[in-house]
Each structure stands twice: as structure tokens, then as C-alpha cells.
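Topology and contacts: notes
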Amino acid sequence: MEAAGSSSNVAFDRKLKVLQRNGAAIAARKGRMVKTSEEAVDYDYFQEEIANRLVDRLDDIIREGGFPLALDVGSGVGHVYRAINAHESFEGVGGVGGVRKLVQLDSSAGMLHRDDDLDDTAHDDSEPPFCGAYKMVADEEGTMPFPDGTFDLVISSTALHWVNDLPTFLSETKRILKPDGCLIFAVVGGSTLFELRSSLVLAEMERDGGVSPHVGPFVDFADVGTLLTSAGFTLPTVDIDTIKLAYPNATVLMEHLQRMGENNASLNRRSRVGADTFLAAACIYDQAYPLQDDAEDEEDSIEASVQVIYAIGWSP
């Protein structure tokens, strides 16, 4: 992700990222078919939690009439949609924030439609959702496929860290927002997974005699407000939250990242990293970053840090 206006430096392979996320979606669907609910591992815990926290912030915004038409950029399997449908708006129309229709946009068709069968089953014998939804496969980068002034709200949760040109994304978002429209997002940033990054660097230096990117780069907290202002948004509000996650070991952490579709997509990545390098990184991680607090699960022994940046901006 870039923190400057130029898009000449591209950090991520967007086509690879789509393939990775489609693969993660296929693995999740297959896992549901071959495992019981007790055996299945939930890899959505992080995205679901951040989506809930982001929608809680949306719920705090008081706006007459709410946000009838909203766009969810990088919607994935629909965590934001489910959070918006958790309860009715204060005004009695739509879901949280007064959202009545949510357009879910994602470049990964597999991830976007992963849970279609579950969503259909959930609504068969229950009340209709407070908020309707329309799913669209489209790239989160570049020109958005919408006319000027379409949406009352644009929301995005844990998707923008794979966008190469964030200033252009923000400019496009401002274009498709109505006057007095709102942009609210949560993006992974700062020193996220610094433990994994440093462990891989040390392991590569020891085993391969050089280093390659494995984690990030992520946008800095200090840059987000400037990016919003430069794109023409007013009243920017930015805050940050650091979340500590616990795992049995670094190998399990890397497996979870892959199953989330969050594995390495850097353009400068090595085509192949040996198993001995990953094993060395796991050993370094286990020794250098043990779990600091008592774990709920006795098997957990290491921790991983994730910094989440929350931001709100308004179109004039």
C-alpha cells in the first residue's frame, strides 16, 4: 500500500492475491463438506471481529435518514453485511446506520460467493434481513464502476492493505459518494505481524544469506489523516487499536494466514522459500516472542500483534 500520491511503485501482485483468496474460499467450502461443526476450524475470527468493531463505530454516527445506499469495498464473505444486519437502525428503517441496501464489491468471486449457500439457508425460515444486498465482482483498484454521487456511505473492513495506490482509491471513493457522504474503513497498518517479519528476516539471513519481503508493507497511522485530507475529505477522524492474537506456534500462525487468504503477495517475493527456512523462522519466533499473558487455550504459546487503523472522512 502506498502512502504517497504516485502509483509508480507497485508493491503487490493483485492477480496473485485474487488467486490466493479464491483458493482460501475453496478450501473453506471443502472443509465444511468433510468436517463436522466440532472439527471445523474457524479462520474468519479476525475479519469478523474487525467488521463488528467497524460497524459499532458506524452505529455511533447520527445522521438524519441514515445511509440508505452503501458500498462495501473488499467485502469478502460478508462480515460487514452480517454486522449491519445484527439489529435494526434506531430510526426503525434498515440495518445499523440506517443502511437499506449494501452493494458488496470484491475482486475475488470465490470469497464473495463462498457462503451463498449458508446465507440462503439462514433466511429460509427467519425474518427478512433489515438490509438488502447486491454482490458484484470488480477490482478494488482503479476506476469504480459507478456514476458520480451514487452512495451515501462507503465502508471497507480489512481489505485496503492490499491496494497498491491508496490515494487513487480515496479519490475514486470521494467521486462516488454523495455530498455529505461518509467513508469509514478499517485497515491493517503500522507494525502488524512485526514478530513474524523479524523472525523470517533472521531465518533467511541465516539460511539463504539474504532477505525478501514476507509481511506488508502497511500504511502508517500518521499518514492516514493526511491521505484523507489530500483526497478532499473533511473532518477526518483516525484512531488505532492493537490486537494480540495467540497461537500454539508460528507454523499454525502461517497456516491461518494462508487459510484467510492473507499470505504473501509481494511483487518482490522469492519464487520459492525452502522448508528449512520456514522451520528456522518458526523456531526463532517461538523463542523470541512467547505469549506474555496467560492464554485461554493451554496449547497457545506465542503471540502475534495486529494494528488496526480506523478512519472516517466526509465528502463535502
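Every value quoted in this text rests on a predicted model; they were computed, and no experiment measured them.

Further remarks concern the overall build of the chain. Looking only at helices and strands, the chain features 10 helices and 7 strands. Within the span of the chain, comprising 316 residues, buried residues form 49% of the whole. When contacts within the chain are restricted to residue pairs at least 6 apart in sequence, long-range pairs at least 24 apart make up 85% of them. When the accessible area of the chain is evaluated, it comes to approximately 14900 Å², of which 53% is carbon and sulfur surface.

Okay, the pairing of strand β4 (residues 151-157) next. In terms of burial, β4 is largely enclosed, as 7 of its 7 residues are buried. Sheet topology places strand β1 (residues 69-73) next to β4; 3 bridges connect them, and they run parallel. When the sheet's bridge partners are listed, L71 is paired in β4 with V154. With 6 bridges joining them, β4 and strand β5 (residues 177-189) adopt parallel strand pairing. Within β5, the residue paired with F151 across the bridge is L177. Considered for its hand, the β-α-β crossover made up of β4, helix α6 (residues 166-176) and β5 is right-handed.

This part is about the packing of aromatic side chains. Within this structure, the stated rule accounts for 5 aromatic pairs. For the pair F12 and W162, a centre-to-centre distance of 5.0 Å together with 80 degrees between the ring planes defines the contact as edge-to-face. Within this pair, whereas F12 is found in the segment before α1 (14-34), its partner W162 is found in the loop between β4 and α6, the two being separated by 150 residues in sequence. Looking at F12, the relative accessible area reads 3%, which means it is buried. With a centroid separation of 5.6 Å and an interplanar angle of 70 degrees, the aromatic rings of Y285 and Y289 are classed as edge-to-face. Taken together, the ring pairs in this structure connect F194, Y285 and Y289 into an aromatic cluster. Above the ring of W162, the side-chain terminus of K17 is found at 3.9 Å from the ring centroid. In this structure, R57 is placed above the aromatic ring of Y310, and the distance from its NZ or CZ to the ring centre is 3.6 Å.

Core analysis: the biggest nonpolar cluster contains 50 residues, and F46, L102 and L196 have the highest contact counts within it. A total of 7 residues in this core trace back to one element, the largest contributor, which is strand β7 (residues 302-314). Not counting chain neighbours up to four residues away, the residues in contact with L196 comprise V215, L253, M254, L257 and Y285. If you look at the next biggest cluster of nonpolar residues, it comprises 28 residues, including L105, M144, V154 and V163.

Here the chain averages 88 in pLDDT, and 89% of its residues register 70 or above. Here residues 2-8 is a poorly scored stretch, pLDDT under 50, and it has 15 contacts once near neighbours within four places are set aside; other chains count.

To continue, consider the side chain of R14. Structurally, R14 is set in helix α1. Filtering out sequence-adjacent residues up to four positions away, R14 remains in contact with S107, D139, E140, E141, W162, V163 and N164.

Looking now at the packing of helix α9 (residues 250-260) against helix α10 (residues 275-288). Contact pair α9 / α10: the axes reach a minimum separation of 8 Å and the direction vectors enclose 115 degrees. Two secondary-structure elements touch here, α9 through A250, T251, L253 and M254 and α10 through F278, A282, Y285 and D286.

Here we take up the environment of N85. When you line up the elements, N85 lands in the loop between α3 (79-84) and β2 (101-106). For N85, a relative accessible area of 15% gives the class buried. Sequence separation of N85 and P128 is 43 residues, and the distance between their C-alpha atoms is 9.9 Å. Setting aside residues no more than four positions away along its own chain, N85 makes contact with P129, F130 and C131.

Turning our attention to the sheet that holds β2. In space, the 7 strands of this open sheet follow the order β3-β2-β1-β4-β5-β7-β6, with mixed pairing throughout. With partners counted over all chains shown, the strands left at the sheet margins are β3 (132-137) and β6 (234-247), one partner each. Sheet twist, expressed as the average angle between the axes of neighbouring strands with direction ignored, equals 15 degrees. Together, β5, β6 and β7 form the strand contacts of helix α8 (residues 221-230), whose direction differs from that of β6 by roughly 150 degrees.

Conventions and cut-offs
- Each chain has its residues counted from 1, running along the sequence as written.
- Whole-chain, interface and lining totals are the exception, using all residues; otherwise, since this is a predicted model, local features are given only for residues with pLDDT of at least 70 and side-chain atom pairs are given and counted only at 80 or more.
- Side-chain figures throughout are based on the complete set of non-hydrogen atoms in the structure, without hydrogens or water.
- Secondary structure follows DSSP: runs of H or I at least 4 residues long count as helices, runs of E at least 2 residues long count as strands, and numbering of each begins at the N terminus.
- Only protein chains enter the calculation, and the probe is 1.4 Å; a residue is then buried if its accessible area is under 20% of its type maximum, exposed if over 50%, and partly exposed in between.
- Contact criterion: two residues are considered in contact whenever any of their non-hydrogen atoms come within 4.5 Å of each other.
- Working definition of accessibility: Shrake-Rupley area with a 1.4 Å probe, residue cover restricted to the visible protein chains.
- Pairing between strands is defined by DSSP: at least two bridges between them are needed.
- Whether a crossover is right-handed depends on one test, that the path from the first strand over the helix to the second runs clockwise when the strands point away from the viewer.
- Each Phe, Tyr or Trp ring (for Trp, its six-membered ring) is paired with any other whose centre lies within 6.5 Å, and the angle between the two planes then decides the class: stacked below 30 degrees, edge-to-face above 60, tilted in between.
- Think of it as a cone above the ring: NZ of Lys or CZ of Arg counts as a charge over the ring if it is within 6 Å of the ring centre and within 35 degrees of the ring normal.
- Residues belong to one nonpolar core when they are buried, are Ala, Val, Leu, Ile, Met, Phe, Trp, Tyr or Cys, and are joined through side-chain atoms within 4.5 Å.
- A score between 0 and 100, pLDDT records how confident the predictor is in each residue.
- Axis lines are fitted through C-alpha atoms, for helices just across the contact stretch, and the angle between N-to-C directions can take any value from 0 to 180 degrees.

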